[in-house]
Amino acid sequence: MKNKIIAILTSGGDAPGMNACIRAITKTALKNSTQVLGIRRGFNGLIEKDFFQITFKNVSDIIHRGGTILCTARSEEFKSANGVKKAVSFCKEQNITGVIAIGGDGTFKGAKKLCEASIPCVCIPGTIDNDIGCSEYTIGFDTATNTAVDMIDKLQDTAQSHERCSLVEVMGRHCGRIALCTGIAVGATAIVIPEIPYNFEKDILSPIKFRMNCGKHHFIIVISEGVGDTLKISKKIKNEAKIETRITVLGHVQRGGSPTSRDRIVATKMGYKAADLLINGVYNRIIAVKNGKITDLDIKSALNIKKEIGKSILKIF
Ligand code: F6P
């Protein structure tokens, strides 16, 4: 029987836990006499033939490290038909049995193009945003949220000491899940996300004033970067609530750092599942968490599944 070869790539924004996933795929493949190729910088690596053979040694000592040993990118060239053609011919040249693509929505759309060109693929959701419709969870979300919570816990001390309102902008261009979960975990006075339009008086000013009347003098407002109004909201709070404000943009610090145990475990389970599918000739699937269990879905139909932010969750904080 011909030796199997799995190629792994990470694409889009990196997410803590990607390395744990690469490790799990590699270990599963190598134990099953399957070779592993690491493709550098996402789909660019397929186009530019930038790859290396992954061994046990390469994946030792990486489970606890953030980022991705394969590097990542959002490939412009892969958006063109010519880019896809180059990637496909590389996969054929190397006799690749299947590609495992770890990333978010853009990565999955890229992988779908490879599937359509008869290159077998399996996708793994790895993005701090947790915005993949077909999966309850994406690798990196827990670490990013915990990082944001840690940072805001520190901000609470100085906000309390100076009796200020601290506005914290967290990541999420299109998706407010990091803001929502972080806001709940830190006991924020208000949470503002792109999915739900806000009314300044009702959703921000009134909760601040209510707490002021209860004797509170410092406040945390968590805002998703996708809202785009942080400075405007800060000025309005200063003028209308008569309190000093400060803005902190947490930025890319949320994408780095050692993955939490949750991210390491989910990444390991997803990596194992993806490699196991390809080794057994099952492909064009997306690995997902459904009802708390790791499962796999057809790539085409899974890409059409939308995930809504439940408005009811905003009532609980
Ligand atoms: O990976 C998702 C994400 O971190 C979003 O939350 C954020 O809006 C975006 O990526 C930032 O991307 P970049 O690294 O290109 O600034």
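The notes below deal with the structure included here. (Residues numbered from 1 in each chain as written. Predicted model: local features only at pLDDT ≥ 70, side-chain atom pairs only at ≥ 80, totals over all residues. Heavy atoms only, no water.)

1. Structural notes on the pairing of strand β2 (residues 34–39)
- Most of β2 is tucked away: five of the six residues are buried.
- Bridge count for strand β1 (residues 4–10) against β2 is five bridges, and the pairing is parallel. Bridging from a neighbouring strand, Ile8 pairs with Gly38 of β2.
- Following the chain from β1 across helix α1 (residues 18–31) to the adjacent parallel β2, one finds a crossover that is right-handed.
- As paired elements, β2 and strand β3 (residues 51–53) share three bridges and run antiparallel to each other. Bridge assignment links Ile39 to a residue of β3, and that residue is Phe51. (Buried < 20%, exposed > 50% of the residue type's maximum accessible area, 1.4 Å probe, protein only. Helix = DSSP H or I, 4+ residues; strand = E, 2+ residues; numbered from the N terminus. Pairing = 2+ DSSP bridges. Right-handed = clockwise from strand over helix to strand, strands pointing away.)

2. Let's talk about the layout of surface pockets
- Within this model, the largest pocket holds a volume of roughly 1200 Å³.
- Considering each element in turn, the lining of the largest pocket owes the most residues, seven residues, to helix α4 (residues 105–116).
- Across the lining of the largest pocket, the residue classes break down as 15 nonpolar, 15 polar and 17 charged.
- Two domains each donate at least three residues to the lining of the largest pocket, and these are domain 1 (4–140 + 259–308) and domain 2 (144–255).
- Approximately 210 Å³ is the volume found for the second largest pocket.
- In this structure, the second largest pocket is lined by 13 residues; those nearest its centre are Ile191, Ile196, Lys202, Asp203 and Leu314. (1 Å grid on protein atoms, 1.4 Å probe; cavity = no way out; pocket = protein on both sides within 12 Å on 5 of 7 lines; lining within 4 Å. Points joined across faces, edges and corners; volume = space filled by probe spheres on them. Nonpolar A, V, L, I, M, F, W, Y, C, P; charged D, E, K, R; others polar. Domains from an automatic or database assignment.)

3. Digging into the sheet that holds strand β8 (residues 219–224)
- One open sheet holds the four strands; their spatial order is β7-β8-β6-β9, and the pairing between them is parallel. Looking at the sheet topology across the chains shown, the edges are occupied by β7 (190–192) and β9 (245–249). This sheet shows a mean twist of 20 degrees between the axes of neighbouring strands, independent of strand direction.
- With six bridges connecting them, strand β6 (residues 165–170) and β8 associate as parallel partners. Bridging across to β8, Val168 finds its partner in Val222. (Axes fitted to C-alpha atoms, helices over the stretch in contact; angles between N-to-C directions.)

4. Section: the site of the ligand
- The local shell around the ligand consists of Gly13, Arg74, Ile128, Asp129, Met171, Gly172, Arg173, Glu225, His252 and Arg255.
- More than half of the atoms belonging to the ligand lie within 2 Å of the grid points that define the largest pocket.
- For the shell around the ligand, the domains that each give at least three residues are domain 1 (4–140 + 259–308) and domain 2 (144–255). (Near = heavy atom within 4 Å. Sits in = over half its atoms within 2 Å of the grid points.)

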